[in-house]
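Inside the fold
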2 protein chains.
Amino acid sequence: MATKYVYFFGGGKADGKANSTDLLGGKGANLAEMARMGVPVPPGFTIIADVCNIYFQSNSSYPREVTLQVEENLAKLEQVIGARFGDEENPLLLSVRSGARVSMPGMMDTVLNVGLNEASVAALVRKTTNERFVYDAYRRFVEMYGNVVMGVEDTVLDEILRKARERRPGMELAIEDLKELSSKLRAAANAASGRDFPTDPMEQLWAAISAVFESWNNPRAIAYREIGKISHHWGTAVTVQAMVFGNMGDDSGTGVVFSRNPATGERELIGEFLLNAQGEDIVAGTRTPQPISELKRLLPPCYEELVDVSRRLERHFKDMQDIEFTIQNGRLWILQTRAGKRTAHASIKIAMDLLRERLIAGTEAFLRITPNEVEQVLHPIIDPSERREVIAKGLPASPGAASGRVIFDPDEVVELAGKNGDYILVREQTSADDIRGISAAAGVLTTRGGITSHAAVVARGMGRCCIVGCSSIDVDLEKEEFVIGNRIINKGDLITLDGSTGEVFLGKLSTASAKPSNEFKELMVWTDLVKGMGVMANADNPQDAKLARDFGAEGIGLCRTEHMFFQLDRIDHFREAILADETEERRQALQKLLGFQRSDFREIFKEMEGLPVTIRLLDPPLHEFFPLPHAEDELRALAKRLGISFRRLKEKMQTFNEFNPMLGHRGCRLGITHPEIYEMQVRAIMEAAYELMKKGSTVYPEIMLPFVSTLGGLKLLKKLVADTCEQVGKEMEVTESNYHLGVMIELPRAALIANELAELVDFFSFGTNDLTQTTYGFSRDDFGTFFPTYLDKGMLSNDPFIYLDQTGVGELVKIGLERGKRAKPSLKVGICGEHGGNPESIKFFHQIGLDYVSCSPYRVPVARFAASQAALEAKTNSSADTPGVG
Amino acid sequence: MATKYVYFFGGGKADGKANSTDLLGGKGANLAEMARMGVPVPPGFTIIADVCNIYFQSNSSYPREVTLQVEENLAKLEQVIGARFGDEENPLLLSVRSGARVSMPGMMDTVLNVGLNEASVAALVRKTTNERFVYDAYRRFVEMYGNVVMGVEDTVLDEILRKARERRPGMELAIEDLKELSSKLRAAANAASGRDFPTDPMEQLWAAISAVFESWNNPRAIAYREIGKISHHWGTAVTVQAMVFGNMGDDSGTGVVFSRNPATGERELIGEFLLNAQGEDIVAGTRTPQPISELKRLLPPCYEELVDVSRRLERHFKDMQDIEFTIQNGRLWILQTRAGKRTAHASIKIAMDLLRERLIAGTEAFLRITPNEVEQVLHPIIDPSERREVIAKGLPASPGAASGRVIFDPDEVVELAGKNGDYILVREQTSADDIRGISAAAGVLTTRGGITSHAAVVARGMGRCCIVGCSSIDVDLEKEEFVIGNRIINKGDLITLDGSTGEVFLGKLSTASAKPSNEFKELMVWTDLVKGMGVMANADNPQDAKLARDFGAEGIGLCRTEHMFFQLDRIDHFREAILADETEERRQALQKLLGFQRSDFREIFKEMEGLPVTIRLLDPPLHEFFPLPHAEDELRALAKRLGISFRRLKEKMQTFNEFNPMLGHRGCRLGITHPEIYEMQVRAIMEAAYELMKKGSTVYPEIMLPFVSTLGGLKLLKKLVADTCEQVGKEMEVTESNYHLGVMIELPRAALIANELAELVDFFSFGTNDLTQTTYGFSRDDFGTFFPTYLDKGMLSNDPFIYLDQTGVGELVKIGLERGKRAKPSLKVGICGEHGGNPESIKFFHQIGLDYVSCSPYRVPVARFAASQAALEAKTNSSADTPGVG
């Protein structure tokens, strides 16, 4: 049997079907599938993609068999549509389009209205009595053919059109103009190409088919395939289809409908149309389309058929459809159908509804929702109908939307908060001192720093909307204003931030708050049924702990104890402790903090009763606990409060200055050089834990050591923790110690010696922020100066502080995990860096076998969802791998 | 046959030999070996170590066989020496000593003069007519026996002695005192132990033997074995030997000789002796010994015999010997021989001489010299005879010694250098700006920074003596003085530095300069014959390149191009380039540097003709090229020179400030954001290379990209380098490009993706300084604040910036090496960090299979030696592993 090169579709039948994309391309297969379903698609045929390769290999010619099959199918098409190609009475016009195995939008060429010449133009004018329509179609054909097939530059043809339009400023072209244009364009095409514009329809058709095949290898298509890693050997199929026209009078029209509401997800036909128009008239926006419900009144049979077709398509493709249609002389034609784009809210509702309607299975519904959508529905958004003026764009650091008055001083925000509305804190960057200001603000905008800068991390932790690295803004703190270009925004002016896009708007835009829908709640219930890794939260205080628990966290994976020191009634005690020269003096100062820490921990333990609470001992370098060295007034006041000389304070602070604080005296190095601090912290943890235990509560304290790089350091601190716990146990007459000890793996060396570390601890928690910094040698605070270039030039495809670098950093995580678990199979291994809230990274963590992720409370739902989805995907893939019977 | 428990030696014969240490212990085997050789050792016998175990297992008793064999051997001993144990005419005295398989110096007990009682004392007085000698011996015996055997506390016996001495202040004890003492001591021993001091010599002997066996299990011996990982089951042998006395008149004496000069290595008998004295008299220093040559005059036959014995011992043990001897009544006895300690100079000379004398083979000679010795002989040392006052101690950063006047301003050093002697630059720390000052100084002293701080690295690179991190010194730059405790050292005061110990001395000490001896030169010739890894040098200018070549470097492994920018006539052009806002402006400024760089490279290429020159493109962060931000005067002057406003300069400089410059915008990141800089540098390299090639020179330019962390970055820069080279080739009409491209592997990620990087380059060079910083998370500039605690508490056993951390950083080097070579077997892989000059690390690099190391020129000889030794050791070990025939 001869090879089948050409596949027909139309008249309720088709040679191909939906899964023939390898042969027919996406578009051809989709049309065949619709035809098979009895959906009224304009009939046509598809030349398979193999012919594309044959064409190139045969010196741009076709085997006789291909020519014959095209001719046969053309005859069939003429029969189904009831018109003939090149006929002088009732001429058929054709479109010639590309269609590859995967969509390559706009990369290849299309030729419409093939088959027009003087004779068929005349015939169509007679048949339609619509001279304007016919000549306009002719003009378009000549232009497109001249450019695509004859290879004449766009600019040459555009120039002719531009001149014609100049002659009738502000008016439509007259029919005469159109007539003149088509001959001028033909003449220009002939001149530029040195060939004659063909009048023979068959010659036009073959030349158009060849041109579309050749467009597979045009430079932009090749580049697109290289970027998208698409094989150059696949080739494109070519679909030849009858043209239908919506601009043939008031019983014609064109439109787009969605089978469900793409904004809300409601099950209703929604969309718009224009009578006597072509698709591009809707796009151009020159006429205002009518809502689809109007079609019911104007062309009731067409409307009924459209409703019916859209239901069938949705049922068939098992998803909400975005459908393009044209009505030609009262007859409905479906041009295209595809899954419709939708908002996050709609996406969740549609998936859950389709499931309820038994159109899709649970797994399918679950996998259709993206973690990004889950995240979006939790944050307020700017009302899409608002008029917007974007004045600047920075990095979207923490999603959500916020409007408020500009304030530059964090303390002022704290004072003002709650009075007279909301405030946006605007700074060059923020520091640990500004935490209360960030908390009191509705949103934060900084001009420096990346997506993991201090402001970004803190804001995300609080669920506060935040934009960072907005470098086009110049902040002048003295004048209390900021400048963008030649525009000045003063303190008190209203601005709006969109933390999901990084856009800054002038004025107050109304925002829609995030109320979890019923479908969302239902989804989250399921999430726990599917259940992949554990999801814990990063929380430093009882409020966050409660929030985390409400969001479904299964414990606290990271409680940063130093945040507790920044409160006004504590910071000076801590400063006193680290300024002390003598151990005894230091102990006394720390003693004053003990009570605070103990009650902090007690409240957190209470909130998390029955769940583990992982407490990281002091981590940041000491200089962070002091005002900046140049803030002399503050320093003098501090010296006075602490009862030491200003000179002494400055001297002492000098010793905290470091060239590279990120790689300096921090983390457990502080616990080693200042053991009294860690002793106090461990004591506070255990006193709180034992107090509650004695009252009958179930408490799981997990003590975590940061920035471990040597085995010896771990040994020393393990002993310190054990000794302190034992001591507290004795004092409180508790015999059963119930704490776990863990280390953060946040330095490459810790991952490399994970086997040695594992033997001494109960758990690991990867700190992928620091691990990313050290593995790449990227300081996250300085990264902003070259990161944009790295993105532009394609050296990084993503910010590695948001998306875990799986090749490098991920490799170290794998090494650490594997070495750790090999040495101690019972070891619990998780991650508490920023990546713990990033869905893509969460999937990676699931794949390599981590036990849990920990992220900020607001990210817990999305992390739970991503973790569950990862588990489900893994299950689906592994069952797909299982050899089946059929 | 019955087990042989006791081994005799003496009279030119011995039952045991040198390799019987397992049986006889080190001491017993050594004595046996000497006896066998006919060396006059006092005769004796050794009870094997097995008896020690038997003794403990048999409830502190001996099998009959042991008792019998001891008695037999004692009889033999009496016969050889011609005196009888316990005899009342001619009594024999014995020593009883321990001797384990490995030396445990001072851990176990000894009893001397066994066999003394009233009768034998009287006999000896008769025989020697030396009452003082005899009663003194008796007093010593009673004291030792009382303490060791009867278990009486030292303090009890010491007190009696102290009182006796008090009675004769400043005088020797009288014979009466000695007589009285021995009876008082006996009485005290009896009282304290509740036993009677034995008078029966055989009882004394057996009790002494048991006491020595028991001392195997005294607490300090057990602890010593635990620390040294020595088996508790080995037990100790016991050697019973005839006592000989050097204090029996003027035909007696005692002394120590070396078979060669331990200071120079010259082949001459050297040492000293005292007539009529015991060994401890030499140690006590109460009498001044005479040079051994005097013995020739005083006791010529003894001297001749000593010369002969020392030659024989040296020939026998194949090393320079340190020999203890005693002459008793004109008869020479050898008490002990062992390999003698020696200076680095002597060590090399002796090894080479022994080889020439065919006493040892080449491999043996080679392995006997330590890399440390090779290093020491190249640096000047402080004359050991100088009186020294150490005023402070810092970290020994660059070896050698230097005296000079204190200067605080680097520019002043430059000015003064060469006039009125030498200068020592004293700073808190140094920066890139100070390079000329360091170069002009005789030595450098800093109060901050570790062994790999800027000052340390630069000074080592220049072979300049340097001490860093000398924190007990307070530098006051304004007053131009520094303070140590309450002592003030002013500008212009003389101090001396010992860069090998870190000691700072007041005043000028004379130093001995390092002239390589002929033996050293010979050794280095051999080094290349043995040849392990390649050794290249880090050199940034033609002078260093020449030096490196003279020291035997096989090329340049690291040429830091930025050092060339710091010269006065260039720095402003470079500043102009990096301050430029527009690419074109930047190009113009760089154009001015092109000529300088080209001629730098040309001169370096010339020096290294025929050898590879690895040039690292710009690496440090841009702020390093500017004065410190607070140096306002300098900044104003700079702004004026560059023709920009002061405000503009400050603004621009602000953008160079980074929180963690070590992890910031540096290395190839600069090449990516400022491609014009790298283009200029590559152009300069290739123009210089092609110019020389066209003149017939052989040039091997190797272009190295620093701080690579992404594959995309490497691709981009590879293209930049290739395009520039091609362009230069066209311009200069050179068709054959001959450069190699490499990357520095100095970030964990680069090591992890080494397989991907390898495919694009010709070579890797590990930058283990940065790799250590990122793997540990240690900033080398800040490390000093906690490193001392880490050392103290045993968390680090060495500075990881000097000794490569083989567990962590070394693991990454292995990963990078393995992945790189697997992807591209022809890949050349080396290392150019500081560790490239550290002998221990070099051995590691050899073991894992690196192709070369690169280090500062002054370290090239030691690196060559260490590399060759590593190769030889590997060979020796692998041939030892080969199963032999015997």
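Residues numbered from 1 in each chain as written. Chains lettered and ligands numbered in written order. Predicted model: local features only at pLDDT ≥ 70, side-chain atom pairs only at ≥ 80, totals over all residues. Heavy atoms only, no water.

A look at the overall build of chain A
When helices and strands are counted, chain A shows 34 helices and 34 strands. With respect to the principal axes defined by its C-alpha atoms, chain A has extents near 105 × 70 × 55 Å. For chain A, buried positions account for 56% of its 886 residues. Contacts in chain A between residues at least 24 apart in sequence constitute 67% of all its contacts with a sequence separation of at least 6. A total of about 36,700 Å² of accessible surface is found on chain A, and carbon and sulfur atoms cover 49% of it. (Helix = DSSP H or I, 4+ residues; strand = E, 2+ residues; numbered from the N terminus. Buried < 20%, exposed > 50% of the residue type's maximum accessible area, 1.4 Å probe, protein only. Contact = heavy atoms within 4.5 Å. Areas by Shrake-Rupley, 256 points an atom, 1.4 Å probe, with all protein chains shown as cover.)

Remarks on the packing of helix α1 (residues 21-37) of chain B against helix α12 (residues 300-317) of chain B
All names here are of chain B. Remark: α1 packs on α12, axes separated minimally by 11 Å, with the N-to-C direction vectors making an angle of 120°. Of the possible angle classes, the one that applies to α1 and α12 is oblique. Seen from above, α1 lies across α12 with right-handed handedness. For the pair α1 and α12, contact is made by N30, E33, M34 and M37 and by R312, L313, H316 and F317, respectively. Looking at the contact of α1 with α12, its residues break down into 4 nonpolar, 2 polar and 2 charged. (Axes fitted to C-alpha atoms, helices over the stretch in contact; angles between N-to-C directions. Parallel < 35°, antiparallel > 145°, perpendicular 65-115°, else oblique. Left-handed = near helix turned anticlockwise from the far one by under 90°. Nonpolar A, V, L, I, M, F, W, Y, C, P; charged D, E, K, R; others polar.)

Some points on the interface of chain A and chain B
Often, the extent of an interface is quoted as the loss of accessible area upon association of its parts. Each partner contributes to the interface: chain A provides 51 residues, whereas chain B provides 51 residues. In this assembly, chain A and chain B are joined by 4 salt bridges. Its salt-bridge partner being B:R819, residue A:E811 comes within 2.7 Å of it at the nearest N-O pair. The tally of links between chain A and chain B comes to 26 residue pairs in polar contact (both at pLDDT 80 or more). When contributions to the side of chain A that touches chain B are tallied by element, the ones reaching two or more residues are α25 (668-673), α27 (711-732), α28 (748-752), α30 (768-776), α31 (787-792) and α32 (809-823) of chain A. Its residues assigned to classes, the side of chain A that touches chain B shows 21 nonpolar, 19 polar and 11 charged. (Salt bridge = Lys/Arg side-chain N within 4 Å of Asp/Glu carboxyl O. Polar contact = N/O pair within 3.5 Å; in protein donor to acceptor, adjacent residues only side chain to side chain.)

Notes on the sheet that holds strand β2 (residues 13-14) of chain A
Residue and element names in this part refer to chain A. Strand order in the open sheet formed by 6 strands is β2-β1-β3-β8-β6-β7, with antiparallel pairing between adjacent strands. If you trace the sheet from one side to the other, it starts and ends with β2 and β7 (110-114), each paired once. Here strand β6 (residues 94-99) runs beside strand β8 (residues 237-242); their pairing, made up of 6 bridges, is antiparallel. Note on β8: the bridge partner recorded for S98 is V238. Across the face of the sheet, helix α3 (residues 64-81) comes into contact with β1 (6-10), β3 (44-47), β6 and β8 while running at roughly 5° to β1. Where helix α8 (residues 201-215) meets the sheet, it contacts β3, β6, β7 and β8, and its direction lies at approximately 20° from that of β6. (Pairing = 2+ DSSP bridges.)

Things to note about the relation of the copies chain A and chain B
Turning one copy of the chain about an axis and sliding it along that axis gives the other copy, so a rotation and a shift relate them. When chain A is fitted onto chain B, the two copies agree to an RMSD of 1.5 Å after a turn of 176° and an axial shift of 0.8 Å. Such a combination of turn and shift is consistent with a two-fold rotation axis. Within chain A, the C-alpha atom positioned nearest to the axis of rotation is that of A:N660, 1.3 Å from it. Taken as a fraction of all interface residues of chain A, those also at the interface in chain B reach 100%, which identifies the copy contact as same-surface. (Least-squares fit on C-alpha atoms with pLDDT ≥ 70 in both.)

Quick look at helix α2 (residues 49-57) of chain A
All names here are of chain A. For α2, the full list of buried residues reads A49, V51, C52, I54 and Y55. Against the buried residues of α2 lie α1 (21-36), β3, α3, α8 and β8. Two residues or fewer past α2, N59 is found with a positive phi of approximately 60°.

Observations concerning the confidence of the model for chain A
For chain A, per-residue confidence averages 89 on the pLDDT scale, and residues scoring 70 or more make up 97% of the total. This model gives residues 881-886 of chain A a pLDDT under 50, and the stretch forms 0 contacts once residues within four places in sequence are excluded. (pLDDT = per-residue confidence, 0-100.)

What about the side chain of B:S398?
Residue and element names in this part refer to chain B. Relative to the helices and strands, S398 is located in strand β16 (residues 395-398). In terms of polar contacts, S398 uses its side chain to reach the backbone carbonyl oxygen of R464, at 2.6 Å. Apart from residues no more than four positions distant in its own chain, S398 is found in contact with A459, R460, G463, R464, C465, C466 and G499.

Some remarks on the sheet that holds strand β22 (residues 481-484) of chain B
All names here are of chain B. Strands sit in the order β21-β22-β23 across an open sheet of 3 strands; the sheet is antiparallel. The sheet terminates laterally at β21 (473-476) and β23 (487-490), the two strands that pair on one side only. Between one strand axis and the next, the sheet turns through 25° on average, direction left out of account. Pairing geometry for β21 and β22, over 4 bridges, is antiparallel. Bridge pairing in β22 links I473 to I484.

Quick notes on the pairing of strand β28 (residues 556-560) of chain B
All names here are of chain B. Burial analysis of β28 places 5 of its 5 residues in the buried class, the great majority of the element. Here strand β27 (residues 534-538) pairs with β28 via 2 bridges, running parallel. By the bridge assignment, N538 is partnered in β28 with L558. Pairing geometry for β28 and strand β29 (residues 612-616), over 3 bridges, is parallel. Within β29, the residue paired with R560 across the bridge is R616.

Remarks on α3(A)
Helix length check: α3(A) (18 residues) gives 26 Å between terminal C-alpha atoms against 26 Å at 1.5 Å per residue, within 8%. Here α3(A) has its buried residues at A:V66, A:Q69, A:V70, A:N73, A:L74, A:L77 and A:E78. (Expected span 1.5 Å × (residues − 1).)

Section: the packing of helix α13 (residues 344-356) of chain A against helix α19 (residues 518-530) of chain A
All names here are of chain A. At a closest axis distance of 9 Å, the pairing of α13 and α19 adopts a crossing angle of 70°. As the angle between them shows, α13 and α19 are arranged roughly perpendicular. Of α19, the residues touching α13 (which contributes I348, K349, M352, D353, L355 and R356) are E519, F520, E522, L523 and W526. For the contact of α13 with α19, the per-class residue count stands at 6 nonpolar, no polar and 5 charged.

Digging into unusual backbone geometry
All names here are of chain B. At T129, a position not held by glycine, the phi torsion is positive, near 50°. Counting through the fold element by element, T129 comes out in the loop between α4 (118-128) and α5 (131-148). Here E733, not a glycine, exhibits a phi torsion of approximately 55°, which is positive. For E733, the position within the fold is in the loop between α27 (711-732) and β31 (740-745). Exposure remark for E733: the relative accessible area of 70% places this residue in the exposed category.

Observations regarding the environment of A:L31
Residues and elements named next belong to chain A. With respect to the helices and strands, the residue L31 is situated in helix α1. C-alpha of L31 to C-alpha of I802: the two residues are 771 residues apart in sequence and 41 Å apart in space. Beyond its immediate sequence surroundings of up to four residues, L31 is in contact with F9, V41, T239, Q241 and L335.

Structural notes on the side chain of B:R260
All names here are of chain B. Tracing the sequence through the fold places R260 in the loop between β9 (253-258) and β10 (270-275). Within the structure, R260 has its side chain in polar contact with the side chain of E314 (distance 2.6 Å). A distance of 2.5 Å separates the side chain of R260 from the side chain of E357, its partner in a polar contact.

As for the nonpolar core
As a rule of thumb, nonpolar side chains are buried together in soluble globular proteins. Counting 226 residues, the largest nonpolar core has A:F605, A:I703, A:F764, B:F605, B:I703 and B:F764 as its most contacted members. Apart from the residues lying within four places of it in its own chain, the contact partners of A:F605 are A:V613, A:I615, A:I685, A:A688, A:A689, A:L692, A:V699 and A:P701. (Core = buried A, V, L, I, M, F, W, Y, C linked by side-chain atoms within 4.5 Å.)

Structural notes on the environment of A:R487
Residues and elements named next belong to chain A. With respect to the helices and strands, R487 occurs in strand β23 (residues 487-490). Accessibility expressed as a relative area gives 32% for R487, which makes it partly exposed. As a C-alpha pair, R487 and I473 span 14 residues in sequence and 9.9 Å in three-dimensional space. Here R487 is in contact with E389, I391, F482 and L506, once residues within four sequence places are set aside.

Some words on the pattern of salt bridges
Enumeration over the complete set of coordinates arrives at 130 salt bridges over all chains. Measuring nitrogen to oxygen at the nearest pair gives 3.5 Å for the salt bridge that ties B:E180 to B:R167. Note that B:E180 is positioned in helix α7 (residues 175-193) and B:R167 in the loop between α6 (154-166) and α7, a separation of 13 residues in sequence. A residue is classified by how much of its surface remains accessible, and B:E180, at 35% relative accessible area, is partly exposed. Since its relative accessible area comes to 47%, B:R167 is described here as partly exposed. A salt bridge links B:K730 to B:E726, with the nearest nitrogen and oxygen atoms 3.7 Å apart. Here B:K730 pairs with B:E726, and both are found in helix α27, just 4 residues apart, close to one helical turn. Sharing partners across several salt bridges, the network here consists of A:K349, A:D353, A:R356, A:E519 and A:E522.

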